[in-house]
Number of protein chains: 2
Amino acid sequence: MAVVGAGPIGLAIAWRCAARGLRVTVHDPAPGSGASAVAAGMLSPVAEAYFGERELTGLLVASAARWPEFAAELGEVTGAALGYRTEGTLMVGLTADDLAEARRLWAYQQELGLPVTPLRPTELRDREPALAPRVRGGALAPTDHQVDPRLLVPALRTAAERAGAVLVPGAVRRLADVDAGVTVVAAGCGAAALTGLPVRPVKGQVLRLRAPGGAAPDFRHVIRGYADGESVYLVPRHGGEVVVGATVEERRDTDVSAGAVLRLLRAAVELVPELAEYDLVETAAGLRPGTPDNAPILGPLPGRPDVLAATGHHRHGIVLTPVTADLIADLVTTGVPDPLLDPFRPERFGRTTEEDPWN
Amino acid sequence: MAVVGAGPIGLAIAWRCAARGLRVTVHDPAPGSGASAVAAGMLSPVAEAYFGERELTGLLVASAARWPEFAAELGEVTGAALGYRTEGTLMVGLTADDLAEARRLWAYQQELGLPVTPLRPTELRDREPALAPRVRGGALAPTDHQVDPRLLVPALRTAAERAGAVLVPGAVRRLADVDAGVTVVAAGCGAAALTGLPVRPVKGQVLRLRAPGGAAPDFRHVIRGYADGESVYLVPRHGGEVVVGATVEERRDTDVSAGAVLRLLRAAVELVPELAEYDLVETAAGLRPGTPDNAPILGPLPGRPDVLAATGHHRHGIVLTPVTADLIADLVTTGVPDPLLDPFRPERFGRTTEEDPWN
């Protein structure tokens, strides 16, 4: 079999399939250079449970539940550190308006039965004294964790190669050029050109700060907040890095704009004032593979049982990596799709190009 | 003779001296890599005329007056573009408080007889429609111009070399290692270690934006403003670049901090809102050679007529380049100091180290 795309999704599929004894080649001119290169790595099914996305939320929860074992296994196979951390996520609102908006979402998340614990201001500050005194309130999502995608991708590559997968450098321009019984298209935004599927780039701008003097950041939780109407997340790493993200823009360039950096920094510093003293070490933009319903596209293309899509993961590629890899590997080896895949079948968008695009 | 330091000051001195027939070597491990590499290049004796710095202001005015001819001559000798622009500088205040602070300074500048013309809000907007409607008021300093230091330095190097000066790569650790009858120390912050003079690094953080699609910025004047108490300048270049600066910090690191970027971007976007749409293409920090009285140090070291200082230019290195080069070249060739140099002699700080530091 062949996998097109050596981001986390493609590499994890290759690992899982190779571990089951399949001969796997992975095609990518620049492994790990797509959306994962800038991704923050939040494993946040709860904080990311938005109105009108119940089926996606179900898949996020299922995948997040697989992460502890997935991380343990990957760490064991490769000996690599992944930056996997389980302190949980604090969701906060800066102003009364921000808090009102946040509370609507927490109520919805609780309605779905997800673990969200509203905290009193004193409890919030006890947990995270670095938060600005102005922050009006917050809630804890204890099961929303994080991993470092810049550690994850090389670890997945190592795991896939040790299991026998072969990385082939070079871009795949047409699926007809791939010589394999089954081809998995895990090419992120590149899936559109290969398959005609409605995958579009959604630009995200992200900053990386670093605590002065190489210290660890003064906060341990992932912090997701609303600050004067601006949504921002802050992801602390043991090495001192703090990822600040992210814009969501219907654009296909990867330029960094002054306005986006301003909005992200302003919101970050309003929530955690000490971040003003951190170094700004990186500004970057990446392109997420978005779909019309914000959910991934998983399974055989209509009329092409030999071509499986594993793309369209949008803002959820890292958290969805384990479940995507397991379900696609199951499908490849058994031919039977797991019922979990059902809402994410490519057919839901119909045949999207006039001609047969994959020949 | 030898010049230590191949920034704009050292290169211009070398050019002027070589053009008068002197044999000149210029020593620098990395020409143009100091403060000039991040400098904005404002030629602003008027906007930079601050309370309590009359003698410095006099020198700034004298040097700015030499700039048109200096630029013309340098352009002629080298054929290089310098980004020299004469549209003038707009000084503006965002809020009523900002404007009140600005007006105090404009009154002082007018008292000194400097050309400052207060503008009515409609006049301000006619001149520069890109200014935010919120901007309360402004004044024009028509003789405050600009040059691009990243074009200036290579041009000066070419001019110096064509006149016969020889660049010697490599750092000078001790003046005793320099084999020359006269040595000019134009080493910026490095002058302290070589001479014992009280030159200290003063950190400045600077951003570079770029207009989208390679267009020219939508404003032509240099804009210097106060925005909610923050002082910022915006320098537009024909190629699309806008330099946004600068912090003034008593630090010797060159890290870029989140807080500084936030303050600069916020003030910039408040004054010229369209800058939010510009790309943020560079964040950088440099170290200016500061002195106890903010004025440069020009002339022979006490008891060492063979060692001339030309350093301590702090925030004024680019504008002071022509006058520094001319006066030092005069001094080297005639042995007689111009009276203009008098307030800037090294002696004003006494002998600053316990021992003789230059042996």
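Residues numbered from 1 in each chain as written. Chains lettered and ligands numbered in written order. Predicted model: local features only at pLDDT ≥ 70, side-chain atom pairs only at ≥ 80, totals over all residues. Heavy atoms only, no water.

A. Seen up close, the overall build of chain A. Check the secondary structure of chain A and you find eight helices and 16 strands. Along the longest, intermediate and shortest principal axes, the C-alpha atoms of chain A span 60 × 40 × 35 Å. For chain A, the proportion of its 359 residues judged to be buried stands at 57%. Intrachain contacts of chain A at a sequence separation of at least 6 include 78% that bridge at least 24 residues. (Helix = DSSP H or I, 4+ residues; strand = E, 2+ residues; numbered from the N terminus. Buried < 20%, exposed > 50% of the residue type's maximum accessible area, 1.4 Å probe, protein only. Contact = heavy atoms within 4.5 Å.)

B. View of the interface of chain A and chain B. Taken together, the contact pairs 17 residues of chain A with 17 residues of chain B. Taken together, both faces of the contact between chain A and chain B bury some 1300 Å²; the carbon and sulfur share is 68%. For the chain A face of the interface with chain B, the top three residues by lost area are Ala-258, Leu-262 and Leu-280 of chain A, together amounting to 37%. Counting the contacts that link chain A with chain B gives zero salt bridges. At the surface where chain A touches chain B, the tally comes to six residue pairs in polar contact (both at pLDDT 80 or more). Elements that contribute at least two residues to the side of chain A that touches chain B include exactly helix H7 (258-271) and strand E14 (279-290) of chain A. No other element matches H7 of chain A, which puts seven residues into the side of chain A that touches chain B. (Buried area = accessible area lost by both parts, 1.4 Å probe. Salt bridge = Lys/Arg side-chain N within 4 Å of Asp/Glu carboxyl O. Polar contact = N/O pair within 3.5 Å; in protein donor to acceptor, adjacent residues only side chain to side chain.)

C. How the structure looks around the domain arrangement of chain A. Residue and element names in this part refer to chain A. We note that the domain assignment places domain 1 (2-81 + 147-199 + 292-349) and domain 2 (89-142 + 202-290) within chain A. At the junction of the two partners, domain 1 supplies 32 residues and domain 2 supplies 30 residues. For the domain 1 and domain 2 pair, buried surface summed over both sides reaches about 2400 Å², with 63% attributable to carbon and sulfur atoms. Taken as a group, Val-38, Val-46 and Phe-51 account for 25% of the area that domain 1 buries against domain 2, more than any other trio of residues on that side. On the surface where domain 1 and domain 2 come into contact, there are three salt bridges. At the junction of domain 1 with domain 2, the criterion picks out 11 residue pairs in polar contact (both at pLDDT 80 or more). Elements with a contribution of two residues or more to the side of domain 1 that touches domain 2: helix H2 (54-78) and helix H5 (149-162). For the side of domain 1 that touches domain 2, the element with the highest residue contribution is H2, accounting for three residues. Residues belonging to the side of domain 1 that touches domain 2 are distributed by class as follows: 18 nonpolar, eight polar and six charged. (Domains from an automatic or database assignment. Nonpolar A, V, L, I, M, F, W, Y, C, P; charged D, E, K, R; others polar.)

D. Seen up close, the UniProt feature "domain: FAD dependent oxidoreductase" (unreviewed entry) in chain A. Mapped onto this numbering, the UniProt entry annotates "domain: FAD dependent oxidoreductase" (unreviewed entry) at residues 2-331 of chain A. The span residues 2-331 of chain A carries 32% helix and 25% strand; its end-to-end C-alpha distance comes to 14 Å. (UniProt positions renumbered as here; feature names shortened; annotations may be inferred.)

E. Quick peek at the sheet that holds strand E1 (residues 2-4) of chain A. Residues and elements named next belong to chain A. Spatially, the six strands line up as an open sheet ordered E8-E2-E1-E9-E16-E15, and their pairing is mixed. A strand with exactly one partner marks an edge of an open sheet, and here the two such strands are strand E8 (166-168) and strand E15 (297-301). Within this sheet the neighbouring strands show an average axis-to-axis angle of 20°, counted without direction. By the bridge criterion, three bridges tie E1 to strand E2 (residues 25-27) in an arrangement that is parallel. Across the sheet, residue Val-3 finds its bridge partner in E2, namely Val-26. With respect to the sheet, helix H8 (residues 321-334) is in contact with strand E9 (183-185), E15 and strand E16 (304-311), its orientation differing from that of E16 by roughly 175°. (Pairing = 2+ DSSP bridges. Axes fitted to C-alpha atoms, helices over the stretch in contact; angles between N-to-C directions.)

F. Broad picture of the nonpolar core. Leu-234 and Leu-275 of chain A together with Leu-234 and Leu-275 of chain B are the most contacted members of the largest nonpolar core, which has 70 residues in total. Among residues more than four places away in sequence, those in contact with Leu-275 of chain A are Leu-209, Phe-219, Leu-234, Val-242, Ala-268 and Val-269 of chain A together with Ala-258 of chain B. (Core = buried A, V, L, I, M, F, W, Y, C linked by side-chain atoms within 4.5 Å.)

G. Up close: helix H1 (residues 8-19) of chain A. Residue and element names in this part refer to chain A. In a regular helix each residue adds 1.5 Å, so 12 residues correspond to 16 Å; H1 covers 16 Å between its end C-alpha atoms and thus fits that length. Taken across its 12 residues, H1 has 11 buried, putting it largely inside the fold. Among the residues of H1, those classed as buried are Pro-8, Ile-9, Gly-10, Leu-11, Ala-12, Ile-13, Ala-14, Trp-15, Arg-16, Cys-17 and Ala-18. Looking at the residues trailing H1, positive phi occurs at Gly-21, about 95°. (Expected span 1.5 Å × (residues − 1).)

H. The arrangement of the packing of helix H2 (residues 54-78) of chain B against helix H8 (residues 321-334) of chain B in detail. Residues and elements named next belong to chain B. At a minimum axis separation of 7 Å, H2 and H8 run at an interaxial angle of 90°. What the angle tells us is that H2 and H8 run roughly perpendicular. Here Leu-59, Ser-63, Arg-66, Trp-67 and Phe-70 of H2 lie close against H8, whose contacting residues are Thr-321, Pro-322, Val-323, Asp-326 and Leu-327. Taken together, the residues of the contact of H2 with H8 sort by class into six nonpolar, two polar and two charged. (Parallel < 35°, antiparallel > 145°, perpendicular 65-115°, else oblique.)

I. Structural view of H2 of chain A. Residues and elements named next belong to chain A. Here H2 is 25 residues long and its end C-alpha atoms lie 35 Å apart, about the 36 Å a rise of 1.5 Å per residue gives. Along its length, H2 shows its largest kink, about 40°, at Trp-67, and proline Pro-68 lies within four residues downstream of that point. Of the residues making up H2, those classed as buried are Leu-56, Thr-57, Leu-59, Leu-60, Ser-63, Ala-64, Trp-67, Phe-70, Ala-71, Leu-74 and Thr-78. The inward-facing, buried residues of H2 abut H1, strand E3 (42-43), H5, E15 and H8. Taken from the residues just after H2, Gly-79 is the one with a positive phi, measuring 70°. (Bend = angle between axes of the 7 residues up to and from the residue.)

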